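Tertiary structure, described
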Amino acid sequence: MMAGTSHDEDVSGRAPDLLTLLGAQPGELMKRAREILAGDPGAYEASVAHQAVGMVLRDYGDLGEATRELRAALRLAQAARSTERQADVLATLGVALVYQGHSQRGLAALGASLKQVTGPATGRVLLRRGIALWVLGRHPEALADLRRAVRVLRSATDTIWEARALSTRALVYLACGATGRANLDLNRAERLFVTTSQHVEVAFTWHNRGLIAFRSGDLPRALSCLDEAGRRYRQLHLAMPDLSIDRCEVLLAAGLAGDALREADETVSGFPSGGGQATKKAELLLCAARSALAAAQPQVAMVRADAARRMFGSQGRPWWRAHAELLRLQSRFAVGPPSALLLRQAEQVAADLGELGSHESQQARLLAGRIALALGRPVDADRHLAAAARVRHRRTVALARSQGWLAEALRADAAGSKRRLLSACRSGLAVLDEHQLTLGAVELRAQATAQGAELAALAQRAALASGDPRQLLVWSERWRATALVVPPSRPVEDRDLQADLTALRDVTSRLERARAGGDPLVIMRREQLRLEAAVRSRVLRSRAPHQGETGYRFDVPGLLRELGPGRLVQIINIQGDLHLLVCGSGRVRHFAAGRFDEAAREVNYALFSLRRLAHRREPGSALAALEASGARLETVLLGPASRHLGEGPVIVVPPASLHAVPWALLPALRGRAVSVSPSARAWLQARAVKPPDRTVPVLVRGPGLGAGGGEVQSLAQEYPGATVLASGAATARRVLDALDGAPLAHIAAHGVFRSDSPLFSSLQLDDGPLTVHDLEGLRRAPYRMILSSCDSGVLAPAGANELLGLASTLAPLGTAGIVASVVPVNDQAAVGLMLALHRHLRTGATLGQALRDTRAEAGCEPVRAATAWSFIALGAC
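Summarised in this report is the structure supplied together with it. (Residues numbered from 1 in each chain as written. Predicted model: local features only at pLDDT ≥ 70, side-chain atom pairs only at ≥ 80, totals over all residues. Heavy atoms only, no water.)

As for the overall build of the protein chain
Put simply, the rule is: The way it works is that DSSP assigns letters per residue, a run of H or I at least four long becomes a helix, a run of E at least two long becomes a strand, and they are numbered from the N terminus. In this setup the radius of gyration rests on C-alpha atoms only. A globule is expected at 2.2 Å times the number of residues raised to 0.38. In this scheme, a residue with accessible area under 20% of its type's maximum is buried, one over 50% is exposed, and one in between is partly exposed, where area comes from a 1.4 Å probe on protein chains only.
Looking only at helices and strands, the protein chain has 38 helices and 16 strands in total. Here the C-alpha atoms of the protein chain give a radius of gyration of 31 Å, agreeing with the 29 Å that 2.2 N^0.38 yields for 877 residues. Across its three principal axes, the protein chain shows a C-alpha extent of roughly 100 × 65 × 45 Å. A total of 877 residues make up the protein chain; the buried ones form 60% of that total.

Written as structure tokens, this is what we have:
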């Protein structure tokens with residue numbers, strides 16, 4: 001971020017306070033400068049005015065035009081025969097040239113300016129040269145200039161410029177990894193800025209605070225500070241590409257690679273083809289490359305990184321060029337195949353980054369180690385991985401330390417040391433546990449698990465090779481559904497968030513009515529997107545209220561005791577092969593099943609067939625084809641394990657991407673009480689939930705169901721005293737109040753699953769959609785919930801092995817069991833099924849048992865059978 005500017009108060013005698021407006025009112029500065037130039041100013045005053053216009057254009061607009069204005073200012077300063085004026089303009093021009101990519105000319109101008117100044121003006125030129133050197137990545141030289149600048153400006157009691165020098169030095173310290181020193185400098189700068197009215201500088205301070213919070217590992221605070229800086233920039237009508245650059249970095253650390261890529265691409269596309277800050281465009285291309293690589297788009301990443309590398313080279317910026325080269329090589333390795341040339345290039349960039357003092361040299365060593373392993377060069381691999389692993393013991397951010405442990409794990413794996421490998425994986429995941437617990441939003445916690453995916457996979461492979469099923473179970477559980485263990489930490493009484501959610505509900509309802517009436521939608525759609533972005537931004541900024549326990553524990557004997565006569569079947573995807581662990585009767589047994597890609601294809605076919613049967617008249621052969629699909633699914637998903645399921649209930653723990661399976665379609669599970677859980681720990685947690693003291697159920701019927709939802713009126717007869725919300729009374733506020741702590745909730749409402757943003761998946765109520773974000777505000781979710789009219793059992797995979805959606809949000813809030821469908825069902829057929837389901841529940845059956853008995857009564861009529869198979873029980877009761 002640009003922390004310093006290049007105006008000079010010494011000229012206030014001839015152009016009163018003009019240049020001091022840059023940090024306070026840049027718009028007013030531009031207006032007054034134009035007014036001076038429109039008159040008949042002398043050479044000195046005209047020089048000041050042209051410089052003012054050039055600085056505004058330089059910092060917030062077109063660098064080409066800015067350079068022309070500054071050259072005019074320099075000519076006028078020479079005409080005025082003012083050495084001081086010439087020196088100041090030269091310094092401003094030098095920074096502009098560096099920003100434009102003309103590094104040598106820019107530094108030469110700054111050097112010439114420095115030769116012409118004395119006293120406090122020396123500190124100001126040193127500050128500006130420090131900014132230029134920082135932009136070029138020449139951090140030791142930048143620090144030398146800035147330390148000297150601080151001393152000179154402090155001795156001259158030049159408060160504003162001293163504060164700017166401290167702010168800039170804080171950013172250079174950050175680039176060097178010295179967050180403690182950066183924080184000290186920024187605190188001192190902020191205290192100095194308090195005494196001024198420099199509004200732009202205050203916005204810069206918020207921006208810098210975000211950077212320090214990010215480098216310290218506090219992502220929620222980083223997002224909060226950057227959002228506040230963005231708000232202030234918008235108020236000042238400032239376009240700041242640095243903000244997008246820094247937000248991208250924070251979003252990447254949070255695991256939100258898609259968000260980061262969109263932000264970088266949108267900002268790059270906003271740069272004018274013939275102007276703008278060339279240095280910032282190159283940095284944004286680098287951000288886009290890093291984001292694309294994290295989003296598993298290595299070809300895109302390679303193109304962006306190569307473009308950034310060429311731009312940095314032409315700008316004379318070796319620090320940045322080396323980072324772009326690293327990304328290019330990482331992308332090239334991801335595309336494959338590895339080569340000896342690629343290894344030499346990785347070794348060279350690692351050496352370059354080391355000489356430049358960049359912490360990214362660790363990533364380059366890790367890359368070189370991976371390439372050497374792939375080429376079968378164990379000695380080279382060990383050398384590089386050992387260098388990359390050194391960071392694991394340093395006092396740095398959690399993500400960097402976890403990468404160090406990954407390097408150590410790869411090194412141990414290559415050496416065939418299982419003990420060292422598992423120890424490294426355990427330590428690396430423990431570091432990421434600490435990182436996760438700093439995040440308040442469940443989306444951030446879920447996406448952050450992607451950082452540990454490779455560590456978890458290495459440990460799983462080692463456990464599989466050991467032949468010990470219990471060890472494989474422990475490591476399979478280690479990094480599965482960890483985000484669901486801790487409830488969302490957003491305060492229930494977040495009034496601003498509630499206001500945004502209410503507004504979103506209103507605009508979405510109006511949008512649907514307008515769509516039905518054929519009215520224009522553009523304005524309302526834009527407002528809907530704005531409100532969704534505001535809600536998501538608020539939620540992502542939520543902070544964890546406490547650190548909690550970071551020590552991971554999973555008690556296999558305790559799980560086996562809790563299962564009783566039941567069986568827990570955990571399905572694990574290891575390098576595309578499905579492995580099953582059948583837990584029960586005091587044992588954990590391992591079975592090999594089919595291939596993951598084959599299972600995914602068969603699941604998609606089954607879901608398509610269920611949707612078709614639910615909403616179209618199909619011949620009897622369609623039902624037979626669906627049953628045949630169920631048999632194929634059983635073969636690939638369960639394999640020989642289907643013969644070892646015992647006689648009791650079955651709990652299925654699938655990979656996140658195989659969660660929405662119609663499990664009752666599998667012949668071995670059709671006559672059983674089956675429930676689905678994201679992990680064994682989540683199942684144990686659901687088992688431990690105590691039912692509330694309340695006994696009155698909640699029955700909700702949303703609008704527009706037609707014949708569907710008719711079970712609500714009948715159920716009201718079966719549950720005397722039930723809270724019934726329907727016919728206009730089913731508003732979001734009333735439904736949320738009724739759901740909080742309810743023993744049983746039955747909701748018949750159309751729903752929308754948002755694969756693009758699963759936490760905006762919703763249930764349609766009388767006043768608009770009730771989203772997952774709304775439900776996160778519950779103090780305690782209903783103990784049991786039944787969703788009869790939508791595909792709310794669908795969850796979106798996220799992170800390493802996490803799930804996001806309606807059902808996954810309710811579980812940490814106290815819901816022990818949910819019945820929902822994995823496809824949109826036939827509303828009319830669902831009515832009879834729901835009445836039967838409740839009848840069995842009232843006899844004391846669990847949700848899984850009630851679904852089993854309801855399916856048995858559905859018979860062979862295609863629509864009823866398909867509807868019954870579409871529902872699954874999630875949780876433990």
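So, helix α18 (residues 361–374)
Counted only if it meets this: Helices are assigned an expected span. That span is 1.5 Å times one less than the residue count. A contact between two residues is defined here by any heavy atoms of the two lying within 4.5 Å.
The end-to-end C-alpha distance of α18 is 20 Å, a good match for the 20 Å that 14 residues give at a rise of 1.5 Å each. Among the residues making up α18, those that are buried are Gln362, Gln363, Ala364, Leu366, Leu367, Ala368, Gly369, Ile371 and Ala372. Close packing links the buried residues of α18 with α16 (318–335), α17 (340–355), α19 (378–389) and α20 (398–415). Once α18 finishes, glycine 376 follows within two positions and takes phi at roughly 75 degrees, a positive value.

Structural notes on the sheet that holds strand β10 (residues 762–765)
Applicable threshold: At least two DSSP bridges between two strands are required for those strands to pair.
Strand order in the open sheet formed by three strands is β9-β10-β11, and the pairing between neighbours is antiparallel. The two strands at the open ends of the sheet, each matched to only one other strand, are β9 (751–752) and β11 (768–771). Bridging between β10 and β11 involves four bridges; their strand directions are antiparallel. Bridge assignment links glutamine 764 to a residue of β11, and that residue is proline 769.

Description of the pairing of strand β16 (residues 871–875)
Taking burial as the measure, the five residues of β16 include five buried ones, the bulk of the element. Relative to β16, strand β15 (residues 817–821) is paired through five bridges, and the arrangement is antiparallel. Bridged to valine 819 within β16 is alanine 873.

What about the pattern of salt bridges?
What counts is decided by this rule: Salt bridges, as used here, are contacts in which a Lys or Arg side-chain nitrogen is within 4 Å of a carboxyl oxygen on Asp or Glu.
On inspection of all chains with the given rule, the structure shows 46 salt bridges. Across the pair aspartate 380 and arginine 383 runs a salt bridge whose closest N-O atoms are separated by 3.2 Å. On the criterion of helical spacing, the pair formed by aspartate 380 and arginine 383 is a turn pair, its members being three residues apart in helix α19. Residue aspartate 380 is classed as partly exposed on the basis of its relative accessible area of 22%.

Overview of the packing of α20 against helix α21 (residues 418–436)
What counts, and what does not: Only C-alpha atoms enter the line fits that serve as axes; for helices the fit covers just the stretch in contact. Angles between N-to-C directions range over 0 to 180 degrees. To sort the angles, those under 35 degrees are grouped as roughly parallel, those over 145 as roughly antiparallel, those from 65 to 115 as roughly perpendicular, and the leftovers as oblique. Each crossing gets its hand from how the near helix is turned against the far one by less than a right angle, where anticlockwise is left-handed and clockwise is right-handed. Charged means Asp, Glu, Lys or Arg here, nonpolar means Ala, Val, Leu, Ile, Met, Phe, Trp, Tyr, Cys or Pro, and polar covers whatever is left, Gly included.
Contact pair α20 / α21: the axes reach a minimum separation of 8 Å and the direction vectors enclose 165 degrees. One finds that α20 runs roughly antiparallel with respect to α21. Note on packing geometry: the crossing formed by α20 with α21 is left-handed. On the side of α20, the interface is formed by Ala398, Leu399, Arg401, Ser402, Trp405, Glu408, Ala409, Arg411, Ala412, Asp413 and Ala415, while α21 contributes Arg420, Leu421, Ala424, Cys425, Ser427, Gly428, Val431, Leu432, Glu434 and His435. Partitioning the contact of α20 with α21 into residue classes produces 11 nonpolar, four polar and six charged.

Observations regarding the packing of helix α11 (residues 219–235) against helix α12 (residues 241–253)
Following both chains from N to C, one finds α11 and α12 inclined at 160 degrees, their axes separated by 10 Å at the closest point. Considering the angle they form, α11 stands roughly antiparallel to α12. As for the relative orientation of α11 and α12, their crossing is left-handed in sense. Each of Leu219, Ala222, Leu223, Leu226, Asp227, Ala229, Gly230 and Tyr233 in α11 lies in contact with α12, whose residues at this interface are Leu243, Asp246, Arg247, Val250, Leu251 and Ala253. Counted by class, the contact of α11 with α12 contains 10 nonpolar, one polar and three charged residues.

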